[in-house]
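Working through the structure, step by step
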Amino acid sequence: MERRDFLKLGCVGASAAVVAGLAGCAPQTKSGPTELAGTSASDVNWTDEHDVVVVGGGGAGFCAAIEAAEAGASVLIMEKSGICGGDTALSNGMILGAGTPQQAELEGCTDDSGEKFAEEQIAYAQGFGDEDMIREMCMESAAAVEWLVNDCGRVYAQVDVVAPVNAYTDEFYPRSHWDNTHTAYNGDALDGAETHFGCLQNKANTYDNITVKTNCEAVHLIQDGKEIAGVQSADDDFFKARKGVILATCSIGDNMEMARAMNPQQYWGLYQREVNGAPCCAFSTPSNTGDGIRMGIELGADLALSEACVMLDNIYLGGVGTGRDTSSENPYKSQPIKGMILVNGRGNRFVQEDADWGYLSTMQYLENAKMGSGSTRNDVWAIVDSNVVPETAVNFQWMAEEEGGDQWVKTANSIEELAETTELPARNLIKTVQEWNEYSEEGVDPDFDRKTDFGPIATPPFYAVKMVQNPLGACGGLRTDIETRVLNTAGEPIERLFAAGQIASGMFTGPFYPGCGWAVLGTVHWGRKAGRNAAALDARA
C-alpha cells in the first residue's frame, strides 16, 4: 500500500474517533465502550495486566517503554492506529544536542555546551514554560544523543545549524543531528530500520517484557481512589497498570475543535489545509486527535498550553540544509533564499526571513491575525526574482501543478504587474522592493536584522509564491512536573500518571517552535525519564 493511500485510510478509520471538543465524547466502537461512572477499580474485570501501560506508540512512548523494560518492568504499549511511530516516524529524526562528539567530529565545533543551549532556549521561551525543565532538557541533550547512538544504533551523518532568531541570540551552533540518507520519509515509503524511529523499534524488540498492541485505542483512564489503576480500550478491554500509566499520545493533532479551543495557530494551519484546500503535504498522523489530553481532563488534570506548532511552509524557508555550504554568505546551511523576502497583505516586510522555520510560521500566523484575516485567509507572499528560481523550482513547480495552482504561484515582468496579480498595494510593494535592494547593496537589514542571503530583486521575470504553512502538530497539553508526573488543577500529582512528549511540551516550549530536533529531544529525554520513574514505583496489589 502506498503511503498516500494509507493516510487516506487512516483518516477514514480515525473519523469515528475524533474528539468532538475540548473534553469531547468517548470514541465509539460497534457497541461502544462500557461507561465507568461510579465503578470502582476493584470491580473491573481486567483483560490483562502489566507493570507499566504506555498509551501511544510513537517516539515518546517507545523511549518510555524501553527504559521501563530496562528497569525490569513489564510494559504494554497501546497504539491507536495500525502502525507504530506516530509523528516521530514521519519526522526526519533530527534531534538537537549540545556538546556532543558529533559536533566536533563532523563540524569541528568544540565550544558548544548544554549551558549555552539552555540560555538560547530560555531566551526563545520568553518567560513561558518551566525554566528548570528547559534547562534540564538542554543540559542532558548530549546524553540523549549518546543513548541513541550507543544503545539504539542510530548513526548521525551531519549536524546542522538551526537558523537563529537574531532578536534573542547573537550566536549559532550546529546542533541538529540527523542523517539525510536515512530520514523517515522517502517518496511514499518509510525508510526502514536505520531511521530514528526504526532504531527505537529495533531496541524495543530486544525486550521480551515489552508488548505492543496496535489498533488498540485508549478511551478512559481508570482511577482507584487517588491512584491511576489502568486503561480502558475502545474495544472494552481493561489493562491494569500495577505501577503506572504513561500518556504519550502527542498533542492536539488533527482535532480542529480542540485546536480552536487550545492552540489558535494549529487551528489556523488545519483550516488552511482542511477547509481552504491549501496544497500541503499531509505529514501528520490522522489518529492523533488529542485523546491523552481528553483523558487527563476527565480526571481533573491541569493544562500547560503553548502557542507554538510544528508547522513549516511549502518552501521550507529557514530549514536546515542537506548541503555542506560553509561560505560566509550562507553560514546556516539553510534552504537557499538568496534575495527572497516575505511580505504581508499590505506588501510590507514583517520578519527576519533567515530565521528558523518555526519562528517564521508563528510570525506568519500572527501577521495574518494582525491584518484581520484570522483563520480564513493566508496572506503572506514570498517575493523573488528569476535569479533564485533554479534553487526553488521544485517547490514552485509542485505548487503550480496542484489543482488551482495559479492562485499559489504568480509571475510577472515588473513589480507593478506582480502587485496587480497578487492584489497587493503596488505603491507599498514597489517601495518594499526598493528598500530591500538598498539593504542588499549595503549588506545590512536595519528593519529585522537579517544576516544572510542578501540579493536584489531586480531581474525579471518576478515571482510571488503564497506561503502555505503545513501543520505537523501542536505543542502542549497536560501540565507535568520535572519528574514527568501529571498535575491536577491544584498543582498536585495525579498518582501513578505520567506524560511525555508533545502532550507535555507546553512545559518546555515557548511561543514559537525553536527548530528541527526540539520535539524529538523532548520525546527522548522526557520519555526515558517517565519510563524510569514509573518503573521505580512499588506495584499495586
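A short tour of the structure in this document, coming up. This structure is a prediction, so every number in the text was calculated from the model and none was measured.

**Considerations on the environment of L200**
Its location among the elements puts L200 in helix α8 (residues 196-204). Along the backbone, L200 and C152 are 48 residues apart, and their C-alpha atoms lie at a distance of 6.2 Å. Ignoring any residue separated from it by four or fewer positions in sequence, one finds L200 in contact with G59, F62, C63, I66, W147, L148 and C152.

**Examining the packing of helix α2 (residues 59-70) against helix α16 (residues 518-535)**
Two measures define how a pair of helices packs: the angle their axes make with one another and the distance between the axes. Running from N to C, α2 and α16 point in directions that differ by 40°, and their axes come no closer than 7 Å. When the axes of α2 and α16 are compared, the pair comes out oblique. Handedness of the crossing formed by α2 with α16: right-handed. Where α2 abuts α16, its residues G59, A60, C63, A64, E67 and A68 lie against T523, V524, G527, R528, G531, R532 and A535. Considering only residue class, the contact of α2 with α16 consists of 6 nonpolar, 4 polar and 3 charged.

**Details of the sheet that holds strand β13 (residues 341-343)**
Here we have 4 strands laid out as an open sheet, ordered β13-β14-β16-β15, and antiparallel in their pairing. Looking at the sheet topology across the chains shown, the edges are occupied by β13 and β15 (409-412). Here the average twist between neighbouring strands, direction ignored, is 25°. This element, helix α14 (residues 415-422), spans β14 (381-385), β15 and β16 (462-466) of the sheet and lies at about 150° to β15.

**What about the packing of helix α7 (residues 141-150) against α16?**
α16 packs onto α7 with a crossing angle of 90° between their chain directions and a minimal axis gap of 10 Å. Between α7 and α16, the interaxial angle falls into the category roughly perpendicular. Contact residues: S141, A143, A144, W147 and L148 in α7; L521, V524 and R528 in α16. Here the residues of the contact of α7 with α16 sort into 6 nonpolar, 1 polar and 1 charged.

**With respect to the packing of aromatic side chains**
Going through the model one piece at a time under the given rule, you end up with 12 aromatic pairs. Ring centres of Y124 and F512 lie 5.4 Å apart, and the angle between their planes is 55°; on these two criteria the pair is classed as tilted. Remark: F512 occurs in the loop between β19 (493-499) and α16 and Y124 occurs in helix α5 (residues 114-125); sequence separation between them is 388 residues. The structure contains a cluster of three or more aromatic residues connected by ring pairs, namely F117, F508, W518 and W526.

**Things to note about the side chain of S375**
Along the chain, S375 turns up in the loop between α12 (357-370) and β14. A relative accessible area of 18% places S375 in the buried class. Those residues in contact with S375 that lie beyond four places of it in its chain are Y267, W268, Y271 and Q272.

Parameters and conventions
- Residues numbered from 1 in each chain as written.
- Predicted model: local features only at pLDDT ≥ 70, side-chain atom pairs only at ≥ 80, totals over all residues.
- Heavy atoms only, no water.
- Helix = DSSP H or I, 4+ residues; strand = E, 2+ residues; numbered from the N terminus.
- Contact = heavy atoms within 4.5 Å.
- Axes fitted to C-alpha atoms, helices over the stretch in contact; angles between N-to-C directions.
- Parallel < 35°, antiparallel > 145°, perpendicular 65-115°, else oblique.
- Left-handed = near helix turned anticlockwise from the far one by under 90°.
- Nonpolar A, V, L, I, M, F, W, Y, C, P; charged D, E, K, R; others polar.
- Pairing = 2+ DSSP bridges.
- Phe/Tyr/Trp six-rings, centres within 6.5 Å; stacked < 30°, edge-to-face > 60°.
- Buried < 20%, exposed > 50% of the residue type's maximum accessible area, 1.4 Å probe, protein only.

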